[in-house]
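Breakdown of the fold
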Amino acid sequence: QVQLVESGGGLVQAGDSLRLSCAASGSSFTINTMGWYRQVPGKQRELVALITAGGSTKYLDSLKGRFTISRDSAKNTVYLQMNVLKPEDTALYYCNADGHTSTLHYLELWGQGTLVTVSS
């Protein structure tokens, strides 16, 4: 069974930095794109950043320059470096990955979410 395990969330002050990690465990799963989404109560989940297997990245426009996504494909792990955090960055951050199994079935996974709280 394949699953995503996130870590790195917590309570920080405005201006601080955090790094989120998400590791995919399980065999027979070839990962293509990995990414981070976030959600606050009452709002839709939004894309924060994603990175393809080839290293191409995409960011929510308002986060460019503060957040950086990276991945270690050998470890099936994706990271989100968040700098100069603001109270409005407070949200539940979810890891996402898609790819295919050894039998070429498409698979999309979500992590359980890690809470980031930024105090003013």
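Below, the structure is looked at part by part. (Residues numbered from 1 in each chain as written. Predicted model: local features only at pLDDT ≥ 70, side-chain atom pairs only at ≥ 80, totals over all residues. Heavy atoms only, no water.)

1. So, the nonpolar core
The biggest cluster of nonpolar side chains holds 29 residues, and the ones touching the most others in it are Trp 36, Leu 80, Met 82 and Tyr 93. Taken together, the elements giving at least two residues each to this core come down to strand E3 (18–25), strand E4 (29–39), strand E5 (46–51), strand E7 (67–72), strand E8 (77–82), strand E9 (91–101) and strand E11 (114–119). Apart from the residues within four sequence positions on either side, Met 82 is in contact with Asp 16, Ser 17, Leu 18, Leu 20, Arg 66, Phe 67, Tyr 93 and Val 116. (Core = buried A, V, L, I, M, F, W, Y, C linked by side-chain atoms within 4.5 Å. Buried < 20%, exposed > 50% of the residue type's maximum accessible area, 1.4 Å probe, protein only. Helix = DSSP H or I, 4+ residues; strand = E, 2+ residues; numbered from the N terminus. Contact = heavy atoms within 4.5 Å.)

2. Section: unusual backbone geometry
A positive phi is found at Asn 76, a non-glycine position, where the angle reads about 50°. With respect to the helices and strands, the residue Asn 76 is situated in the loop between E7 and E8. Even without being glycine, Leu 104 reaches a positive phi, approximately 65°. Tracing the backbone through its elements, the reader meets Leu 104 in the loop between E9 and strand E10 (106–110). On the basis of relative accessible area, Leu 104 is assigned to the exposed category, the value being 66%.

3. Notes on the state of the cysteines
Applying the stated rule across the entire model yields one disulfide. Each sulfur of the disulfide joining Cys 22 and Cys 95 lies 2.0 Å from the other. Handedness here is read from the sign of the S-S torsion; for Cys 22 and Cys 95, about -85°, the answer is left-handed. A residue pair is termed long-range when its members are at least 10 positions apart, and Cys 22 in strand E3 and Cys 95 in strand E9 qualify at 73 residues. (Disulfide = S-S within 2.5 Å.)

4. What about the sheet that holds strand E1 (residues 3–7)?
Strand order in the open sheet formed by four strands is E1-E3-E8-E7, and the pairing between neighbours is antiparallel. Only two strands of the sheet have a single neighbouring strand rather than two, namely E1 and E7. Pairwise comparison of adjacent strand axes, ignoring direction, gives a mean angle of 15° for this sheet. (Pairing = 2+ DSSP bridges. Axes fitted to C-alpha atoms, helices over the stretch in contact; angles between N-to-C directions.)

5. Remarks on the side chain of Asn 96
Looking at the secondary structure, you find Asn 96 in strand E9. At a separation of 3.0 Å, a polar atom in the side chain of Asn 96 contacts the side chain of Glu 108. Those residues in contact with Asn 96, other than ones at most four positions away along the chain, are Leu 4, Thr 33, Met 34, Gly 35, Tyr 37, Glu 108, Leu 109 and Trp 110. (Polar contact = N/O pair within 3.5 Å; in protein donor to acceptor, adjacent residues only side chain to side chain.)

6. Topic: the side chain of Thr 101
Along the chain, Thr 101 falls in strand E9. When near neighbours in sequence (up to four residues on either side) are disregarded, Thr 101 contacts Ser 28, Phe 29 and Leu 107.

7. Things to note about the pattern of salt bridges
For the structure shown, the criterion picks out four salt bridges. Arg 38 is the partner of Glu 46 in a salt bridge, and the nearest nitrogen-oxygen pair spans 2.7 Å. With a relative accessible area of 32%, Glu 46 lands in the partly exposed category. For the salt bridge of Asp 89 with Arg 66, the shortest nitrogen-to-oxygen distance reads 2.8 Å. Linking Asp 89 in the loop between E8 and E9 with Arg 66 in the loop between strand E6 (57–59) and E7, this pair joins segments that are 23 residues apart in sequence. The class of Asp 89 is buried, set by a relative accessible area of 1%. What emerges from the salt-bridge pattern is a single network uniting Arg 38, Glu 46, Arg 66 and Asp 89. (Salt bridge = Lys/Arg side-chain N within 4 Å of Asp/Glu carboxyl O.)

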